[in-house]
Amino acid sequence: MGLPRGFVFLLVLYLLQESDTSLVRLSENGYEDVIIAIDPAVPEDETIIERIKEMVTTASTYLFEATERRFFFKNISILIPESWKGGPQYRRPKQESYKHADVKVAPPALPGRDEPYTRQFTECEEKAEYIHFTPDFILGKKENEYGPSGKVFVHEWAHLRWGVFDEYSEDQPLYSASSKKIEATRCSTGITGMNRVYRCQGDSCTSRSCRTNSTTKLYEKNCQFFPDKVQSEKASIMYMQSIDSVIEFCKEENHNREAPTLHNLKCSYRSTWDVISSSEDFINSMPMETPPSPPTFSLLRISERITCLVLDVSGSMANSDRLYRMNQAAQYFLMQIIENRSQVGMVHFNHQANIKSQLIQINSDAERSQLLEALPTVVNGGTSICSGIRAAFEVFKNGGFQTDGTDIVLLTDGEDNTAKDCINEVTESGSIVHFIALGPAADKAVINMSILTGGKHKFATDLAESNGLIDAFGDLASENSDVTQKSLQLESKGVVLSNGLWLNDTIIIDSTVGRDTFFLVTWRNAAPGISLWDPKGTQITKFTVDVDSKMAYLSIPGIAQVGVWTYNLQAKANQEILTITVTSRAANSSVPPITVNAKVNRDTSSFPSPMIVYAEVLQGYTPIIGAHVTAIIESNSGNTKELKLLDNGAGADTFKGDGVYSRYFTAYSENGRYSLKVRADGGANSARSSQHPSNRAAYVPGWVVNGEIKGNPPRPETTEATHPVLENFTRTTSGDAFVVSNIPSHPLPDQYPPSQITDLLATLDGEEISLTWTAPGDDFDVGRVQQYIIRMSENIIDLRDNFDQALQVNTTNLLPNEANSKENFSFKPENSSEENATHVFIAIQSVDKSNLTSKLSNIAQVALFTPQAEPEPDGPEGPGGSPHSGVSISTIVLSVVGSVVLVCIILSATICIFKNRRPSSRAVTTF
């Protein structure tokens, strides 16, 4: 039975709200279509499959209770690599792919580092990308350090599905609590344990009390919190789900707002349960009266790719050189992108469809050449997209395949008001539709087909110099093939030149690539002069020139030389359009290549809502930091904007140094579609990140059992020498198209406020408070704000909810810097409204030239006292005690919010000295 037409379009509307690769849906309280993918790099071990089943089954019960009988896991698909042996228990995937995987079972990002984490780089309440578990974790080898896998899965699922964050902090593992004690950063504070320095040498381990750092007034760097093995506290799963008693998320009644947890910072000090209960899942469900059944599992083994090219040969394809450009891109796809062992067919369509090639399995260049001969040479007639798609279905069936899991690569240049008639047919088929729109017209029904089936949707303008059509086909490598087998784009560039002028540049081939390196040059009028030199200076002259297709190409045999390749292209006609594309594959199947993935935060936007552009630079699962990353965004009419993406943890970028480069895009020029291309270049500052990923299950250093510490093996750390600076590299990739509407006439009104400050830090420096943050811009993260409004309060919630009523700091001398600069500001506080305040909380709003204000910044805090260390169990001669009298000295307590400095020396009685201070302020700026 087909989906009701109204349901389909409602679903499309929902899917268009944000770019989300997950296929998960909630049905009657149960999560369906969850995909757990085993990475091709994982050696075959059927035990992993059984352990995945056990993990999810346990997690389902745990999740059900943790969400007050509301959610559970209903059905799970486990994707199994093609390299694993086949069996009758395995089925062929439909739309399931590694792209859509919610959980990836893959080697660790860094050797020996098995931390479970969620790849999360969006805002609070927004879905994350995927969960990463290592094989050793799945096999139960890390349970002592992280807890049972089922409970860890629920911790990570909360990151993935509801956009909550961890309730601990490795950056600030300790804080000064209002109790005037040093506390471990956690939620809730009902979790008991000991702060200790624990060291092991060989089989011998010792522990001692933590000493206080004279600068921070907190415990020393090596101090760790060891939880009691036996607890009664039930919260929180986002702190340490490994504790046996923990079965709940933190709620309003036990949420610890004081602690500098990542969740507090990212979610405006709301409890985890508040965020979860505000989710669409929660709003659209009710608690269940009876427990759910255990989850069911489908075992899906990857097999060869089955693809049909469906190419538009209607009369409009004669316009703007579309026919030869389509053929160039299709040739590139067939020669270089489609993988060996793939089955490929071809259909041409105008007002009717013609099968030009049944499925052919690609085993050598001979099959590729056979398919090239089927490319179209003439165009005429109208457009019937459904006819082309139905012919593709016939190709699959003629080859002996069901349509489940097949690929349709559909290129068309026009709208077709009958395309909507086959949406139900396409969605029921199980086929994946990748849509490439050439020119300014694109059928919305086909875009919807692409989204509904989990395919990609690209668009290319009629401007050949953008190289958009070749880029679109180049991004259609199989989602299910091993990354070491994929063709990666190193270069994509196009220019318009007058006769005799040159396009001169270089291409870097790094050591992670070099196999099957392919150079492609295209032109519009006349074959250009082509010169290419390898890194040793040897000229390469063996280009194959195809005059009819207006392209020349060269394949480098074996592994191409590492280094800088130089090329010169000379135009032989006026207004010549020249493009160059270079691709390569991994040099070594055991060494993952550097890759770049590009996406936007949603598929559609309405002015003035900004888009956020993300580019993820990785080697395997290891983030690459310090790269130069640029987004090239092109409108329908060919208006191109370049945007430098940043990994600075400010503005649109959630985490600094996580290999995700982000930026707001607001430079809209017109209504309609925009295409995205990203270029990443390595350099002197690029390196493999060795830091632990954000949003991960807390590592348990050990447990307190009967008053003694039972330590776990120390967590592996990575030295800088192990992960040196990278060699130089270049990559380009394209992202899906997005659509913008409701753009008013130019000039555009200023409706973009400054971006939210998310990295505000406050420290106590003598009698002054010093603040640092990254400057926002006049329009989100571009330009310069007009002024900063800084306010403070002794109550964190009052400051958050009633910012305009809080005490304002004098910022007369504070002149804002350009966006993404570092700001510094120091001041002596004004009078406090409470003499017994323990903390001062500070926040900032930015104001632009149009008097638009930003969201409230994260809230920084300063303790107004020197916190007390834990009692020293070793007697009065321990740290913090006196060998003579046992007097405890609390040193200086500085009340920076008021005009009072309070010095207390605690003997047998308490002596306090008050001294008045006058408020003042000073600004320090850096450029």
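Above this text is the structure in question.
Since we're looking at a predicted model, the values are computed, not measured.

Caption draft 1: Representation of the sheet that holds strand S48 (residues 860-863) within the structure. Spatially, S45-S44-S47-S48 is the arrangement adopted by the four strands of the open sheet, whose pairing is antiparallel. Edge positions in the open sheet fall to strand S45 (807-808) and S48, since each of these has one partner strand only.

Caption draft 2: Representation of the packing of helix H10 (residues 322-337) against helix H11 (residues 365-372) in the model. Two elements in contact, H10 and H11, have axes whose closest approach is 10 Å; the angle formed by their N-to-C orientations is 170°. The angle between H10 and H11 places the two elements in the roughly antiparallel class. Residues Gln 331, Leu 334, Met 335 and Gln 336 of H10 touch H11, and the partners they reach there are Arg 368, Leu 371 and Leu 372. Looking at the contact of H10 with H11, its residues break down into four nonpolar, two polar and one charged.

Caption draft 3: Quick look at the pairing of strand S27 (residues 551-559). Relative to S27, strand S23 (residues 513-522) is paired through seven bridges, and the arrangement is antiparallel. Bridge assignment links Phe 518 to a residue of S27, and that residue is Ser 555. Sheet analysis places strand S26 (residues 544-546) next to S27, joined by three bridges and oriented antiparallel. Paired with Thr 544 across the strands is Tyr 553, a residue of S27.

Caption draft 4: Here's a closer look at the sheet that holds strand S3 (residues 34-38). Overall, mixed pairing links the six strands, which are arranged S7-S8-S6-S3-S5-S14 in an open sheet. A strand with exactly one partner marks an edge of an open sheet, and here the two such strands are strand S7 (117-119) and strand S14 (296-301). Going from strand to strand, the sheet's axes swing by 25° on average, the running direction of each strand aside. Sheet topology places strand S6 (residues 103-105) next to strand S8 (residues 130-133); three bridges connect them, and they run parallel.

Caption draft 5: Representation of the packing of aromatic side chains within the structure. Tallied over the entire structure, the rule returns 32 aromatic pairs. A centroid spacing of 5.5 Å and a plane angle of 5° characterise the contact between Tyr 674 and Phe 738, whose relative ring orientation is stacked. With a gap of 64 residues between them, Tyr 674 in strand S37 (residues 672-681) and Phe 738 in strand S41 (residues 730-741) connect regions that are remote in the sequence. Judged by its relative accessible area of 1%, Tyr 674 is buried. Given the relative accessible area of 0%, Phe 738 is considered buried.

Caption draft 6: Inspection of the state of the cysteines at higher detail. Tallied over the entire structure, the rule returns five disulfides. Here Cys 200 pairs with Cys 205 through a disulfide, and the sulfurs are 1.9 Å apart. An S-S torsion of about 110° defines the bridge between Cys 200 and Cys 205 as right-handed. Given the relative accessible area of 42%, Cys 200 is considered partly exposed. Judged by relative accessible area, Cys 205 falls into the partly exposed class, the value being 36%. The partner cysteine of Cys 210 in its disulfide is Cys 223, sulfur to sulfur 2.0 Å. Taking the sign of the S-S torsion, 80° for the link of Cys 210 and Cys 223, the bridge is right-handed. Taken together, the residues span a long stretch of sequence, with Cys 210 in the loop between strand S12 (204-209) and strand S13 (224-227) and Cys 223 in the loop between S12 and S13 at a distance of 13 residues. Considered together, Cys 210 and Cys 223 belong to a single accessibility category, that of buried residues. Of note for the protein: the bonded cysteines, numbered N- to C-terminal, pair according to 1-8, 2-7, 3-4, 5-6, 9-10. Here Cys 308 is not disulfide-linked; the sulfur of Cys 422 is the nearest cysteine sulfur, at 14 Å.

Caption draft 7: Here's a closer look at the pattern of salt bridges. This model, assessed by the stated rule, comprises 46 salt bridges. For Lys 493, the salt bridge is made with Asp 505, and the minimal N-O distance between the two is 2.2 Å. Taken as a pair, Lys 493 in strand S21 (residues 488-497) and Asp 505 in strand S22 (residues 502-509) lie far apart in primary sequence, twelve residues in all. Note that Arg 515 is salt-bridged to Asp 516, the shortest N-O span being 3.6 Å. Of the residues examined, Asp 516 reaches a relative accessible area of 36% and is grouped as partly exposed. Residues joined by salt bridges that share partners form a network here, namely Lys 456, Lys 458, Asp 475, Glu 479 and Asp 736.

What counts and what doesn't
- Position numbers for residues start from 1 in each chain and track the written sequence from start to end.
- For this predicted model, a pLDDT threshold of at least 70 governs which residues receive local features, and a threshold of 80 or more governs which side-chain atom pairs are given and counted, while totals over whole chains, interfaces and linings are taken from all residues.
- For the side-chain quantities, the full set of heavy atoms in the structure was used; hydrogens and water were omitted.
- By definition, two strands form a pair when at least two bridges between them are found by DSSP.
- Numbering of helices and strands runs from the N terminus; a helix is a DSSP stretch of H or I covering at least four residues, while a strand is a stretch of E covering at least two.
- Axis geometry follows a simple rule: fit a line to the C-alpha atoms, using only the stretch in contact for helices, then measure angles between N-to-C directions, giving values from 0 to 180 degrees.
- Roughly parallel here means an angle under 35 degrees, roughly antiparallel means over 145, roughly perpendicular means 65 to 115, and every remaining angle is called oblique.
- What makes two residues a contact is simply this: any of their non-hydrogen atoms within 4.5 Å.
- Just so you know the grouping, Ala, Val, Leu, Ile, Met, Phe, Trp, Tyr, Cys and Pro go in nonpolar, Asp, Glu, Lys and Arg go in charged, and all remaining residues, Gly too, go in polar.
- Centres within 6.5 Å are what make two rings of Phe, Tyr or Trp a pair, Trp counting through its six-membered ring; a difference in plane orientation under 30 degrees is then read as stacked, over 60 as edge-to-face, and the rest as tilted.
- Working definition: with a 1.4 Å probe on protein chains only, accessible area under 20% of the residue-type maximum means buried, over 50% means exposed, and in between means partly exposed.
- Pairs of cysteine sulfur atoms within 2.5 Å are what we label disulfides.
- Salt bridge, as applied in this entry: a Lys or Arg side-chain nitrogen positioned within 4 Å of an Asp or Glu carboxyl oxygen.

These results come straight from atomic positions and should not be treated as a statement about function.
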